[in-house]
Amino acid sequence: MAVIGGGPAGASAAREAAQRGLSVLLFDHAHPRRKACGGGLPVKGIEWMDAPESSIECEMTSISFTLKSTKLKIPVSKGKMVRRDDWDFYLYNRAKEAGAGHIVERVTSLELEKGFWKINGKYIAKYVIGADGVNGFTRRHLMDRIPREHLFAAGGYYLGIKPTENEVEFILGALPGEEGYLWVFPKSDHYNIGYCFNAGTPGMKEALHKLMEERWPGEFVDRKWKLSETGETVDCKQFGSAIPSYNDSELFDEPVSGENWVLCGDAAGHVNPIHGEGLNHAVLGGRLAAKAISKGDPTLFEKYWRSHYSRDMYRAAKTKHRIYGSKFMRIGFALGKTPAMFEMLASLTRGDYYGKATRNFWFKLPLAILQATFRMKHKELKGLS
Ligand SMILES: Cc1cc2nc3c(=O)[nH]c(=O)nc-3n(C[C@H](O)[C@H](O)[C@H](O)COP(=O)(O)OP(=O)(O)OC[C@H]3O[C@@H](n4cnc5c(N)ncnc54)[C@H](O)[C@@H]3O)c2cc1C
């Protein structure tokens, strides 16, 4: 079999397939390379991801959500930040160690001849796993491109200032009425800062620049950031790419596999549509794709991914518009800081909520409204605005 793309999805698929005794060819032309990414290993599903100490830049100590002057800061103990070049290269090497052959070539042709794939006109494989990212070659070849209206545009800077705290920040409402957020992620020796909004949203970059000016007053000089207070110039390397973000849950109904192929990771659109986290589903999806092929039926992938993580995807696609609505945000933040709701919000954020969130929400709502009316805050938020 052949795996096209050696990012988290493809490398995990190739390793799993090799461990299951399949003969594997892994195609990627770019390693080692730094993929545009925040590098936050999602708290939810962190146990799916094989991230050794050497690839961890720092451990998250808290995750915060800010809307105007209200900040909900949640202590966490599970999330980790990786450098995508180190972590991806580690996963890629693990696949090779497991026995996957690697071909340093970009795949540009894929033809089906008498039940076998011919790749780049010379390599033969019975099955193909497409893991070459959002709108990569295999996605375009085997399905349609993900339409622009179902993509986030995400970009930002590696800002050469050493973080003082390992707080992962999501800043909402920077572009009122628009769906998306700004982020500030801590790394070992820099901040990874960026924007993530529906593709085509006007003013995304400007909103990020405004945040930079507020946090670290200064200006761009020769593609670096010059701090006004000290006159010091720090690195400010730009990055950017698209992320699948389905605005209609029906897109998840469409099969991402066929008789002799499977797509996984970004190529399959398997990213949470609300916040754009995809690393957990890339790794798990890759492994499930390999499992399906090892059983001789790639379409089993539909059953596997649906039983493991489709619920979150569908729920996120269905609620995305509501959640980013200005009214919902305002009410959500007012209620979120109350003693009645904060605990639930905190355990959802930490990925350790196992109850029925919707039922509990409605159960706690009357008390939360009462507490919000009297401006009551959960004790962990007492020092915050
Ligand atoms: C700016 C930004 C920030 C993000 N931040 C986060 C975050 O903090 N946390 C999180 O969970 N997710 C984040 N994501 C999403 C996350 O990066 C993706 O979901 C994840 O990288 C998907 O992994 P993948 O293996 O499917 O694809 P990719 O990581 O895109 O890997 C695809 C691989 O395929 C190779 N390739 C491409 N074309 C070909 C070809 N024709 N032939 C051979 N090889 C090919 C590439 O070289 C690459 O190695 C972010 C995305 C962006 C754009």
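Criteria and cut-off values
Residues numbered from 1 in each chain as written. Predicted model: local features only at pLDDT ≥ 70, side-chain atom pairs only at ≥ 80, totals over all residues. Helix = DSSP H or I, 4+ residues; strand = E, 2+ residues; numbered from the N terminus. Rg over C-alpha atoms; globule rule 2.2 N^0.38 Å. Contact = placed C-beta atoms within 7 Å. Pairing = 2+ DSSP bridges. Axes fitted to C-alpha atoms, helices over the stretch in contact; angles between N-to-C directions. Left-handed = near helix turned anticlockwise from the far one by under 90°. Nonpolar A, V, L, I, M, F, W, Y, C, P; charged D, E, K, R; others polar. Near = placed C-beta within 6 Å. Core = buried A, V, L, I, M, F, W, Y, C linked by C-beta atoms within 7 Å. Buried ≥ 20, exposed ≤ 12 C-beta atoms within 10 Å, placed from the backbone. Domains from an automatic or database assignment. Expected span 1.5 Å × (residues − 1). Arc of directions from axis to C-beta.

S.K.: Quick question: what am I supposed to make of the overall build of the protein here?
M.R.: In terms of helices and strands, the protein carries 9 helices and 21 strands. The globule rule puts the C-alpha radius of gyration for 385 residues at 21 Å, and the 22 Å found for the protein is close to it. By its C-alpha atoms, the protein is 70 × 55 × 40 Å across when sized along the principal axes. Taking the contacts inside the protein whose residues are at least 6 apart along the sequence as the reference set, 71% of them involve residues at least 24 apart.

S.K.: Even after reading the chapter, I still don't get the sheet that holds strand S18 (residues 224–227), so can you show me in this structure?
M.R.: What links the strands of a sheet is backbone hydrogen bonding, and the strands pair in either a parallel or an antiparallel sense. Pairing is mixed across the open sheet formed by 9 strands, whose spatial order is S6-S5-S14-S15-S16-S13-S19-S18-S17. Lying at the two open borders of the sheet, with one neighbouring strand each, are strand S6 (70–75) and strand S17 (218–221). Pairs of neighbouring strands in the sheet enclose a mean axial angle of 20°, with direction left out of account. Of the pairings in the sheet, the one linking strand S5 (residues 62–67) to S6 comprises 6 bridges and is antiparallel in character. Across the sheet, Thr66 pairs through a bridge with Lys71, a residue of S6. Sitting on the sheet, helix H4 (residues 204–215) is in contact with strand S13 (151–159), strand S14 (167–172), strand S15 (180–186) and strand S16 (191–198), with an inclination near 150° to S16.

S.K.: How should I be thinking about the packing of helix H1 (residues 8–19) against helix H5 (residues 279–294) in this particular structure?
M.R.: A packed helix pair is summarised by two numbers, namely the angle formed by the two axes and the spacing between the axes. Relative orientation of the contacting elements H1 and H5 amounts to 35°, with a least axis distance of 7 Å. For the element pair H1 and H5, the recorded crossing hand is right-handed. Together, Pro8, Ala9, Gly10, Ser12, Ala13, Glu16 and Ala17 of H1 and Leu279, Ala282, Val283, Gly285, Gly286, Arg287, Ala289, Ala290, Lys291, Ile293 and Ser294 of H5 make up the contact between the two elements. Considered class by class, the residues forming the contact of H1 with H5 number 10 nonpolar, 5 polar and 3 charged.

S.K.: Honestly, the site of the ligand in this entry has me stumped. Any pointers?
M.R.: Residues in close proximity to the ligand total 40 residues, the closest being Gly5, Gly7, Gly38, Gly265 and Gly278. Of all elements in the fold, only H1, S13, strand S19 (233–244) and H5 reach the threshold of two or more residues within the shell around the ligand. The biggest single contributor to the shell around the ligand is H1, with 3 residues. Taken together, the residues of the shell around the ligand break down into 17 nonpolar, 16 polar and 7 charged.

S.K.: What is the right way to look at the nonpolar core in this model?
M.R.: Side chains that are nonpolar tend, in soluble globular proteins, to be buried together. Judged by nonpolar contacts, the single largest core of 93 residues is most densely connected at Val3, Ala13, Ala14, Ile129, Val262, Cys264 and Ala289. A total of 9 residues in this core trace back to one element, the largest contributor, which is H5. The contact partners of Ala14, leaving out residues within four places of it in the chain, are Val3, Val24, Leu26, Ala95 and Ala100. Grouped together as the second largest cluster of nonpolar side chains are 5 residues, Tyr246, Ile274, Met313 and Ala317 included.

S.K.: How should the sheet that holds strand S20 (residues 257–258) be read in this particular structure?
M.R.: Here we have 6 strands laid out as an open sheet, ordered S8-S2-S1-S12-S21-S20, and mixed in their pairing. Sheet topology places strand S8 (101–103) and S20 at the edges, where each strand pairs with a single neighbour. Two strands pair when backbone bridges link them, and S20 and strand S21 (residues 261–263) are joined in this way by 2 bridges, in the antiparallel orientation. Note on S21: the bridge partner recorded for Gly258 is Trp261. In the packing of H1 onto the sheet, the strands contacted are strand S1 (2–4), strand S2 (25–27) and strand S12 (128–130), and the crossing angle to S1 comes to about 165°.

S.K.: Where do I start with the domain arrangement of the protein in this structure?
M.R.: In terms of domain boundaries, the protein breaks down into domain 1 (2–39 + 83–143 + 254–320), domain 2 (149–244) and domain 3 (323–381). Once you take the C-alpha centre of each, domain 1 and domain 3 turn out to be 37 Å apart.

S.K.: Explain H4 here, please?
M.R.: Note on helix geometry: an α-helix contains 3.6 residues per turn, so any two residues three or four positions apart are oriented the same way. A rise of 1.5 Å per residue sets the reference length of H4, with its 12 residues, at 16 Å; its end C-alpha atoms lie 17 Å apart and thus fit the reference within 8%. For H4, the set of buried residues is Met204, Ala207, Leu208 and Met212. Axial view of H4: buried residues confined to an arc of 140°, hence all on one face. When the buried face of H4 is taken as reference, the exposed residues oriented beyond 90 degrees from it are Glu206 and Glu214. On the buried face of H4, the contacting elements are S13, S15 and S16.

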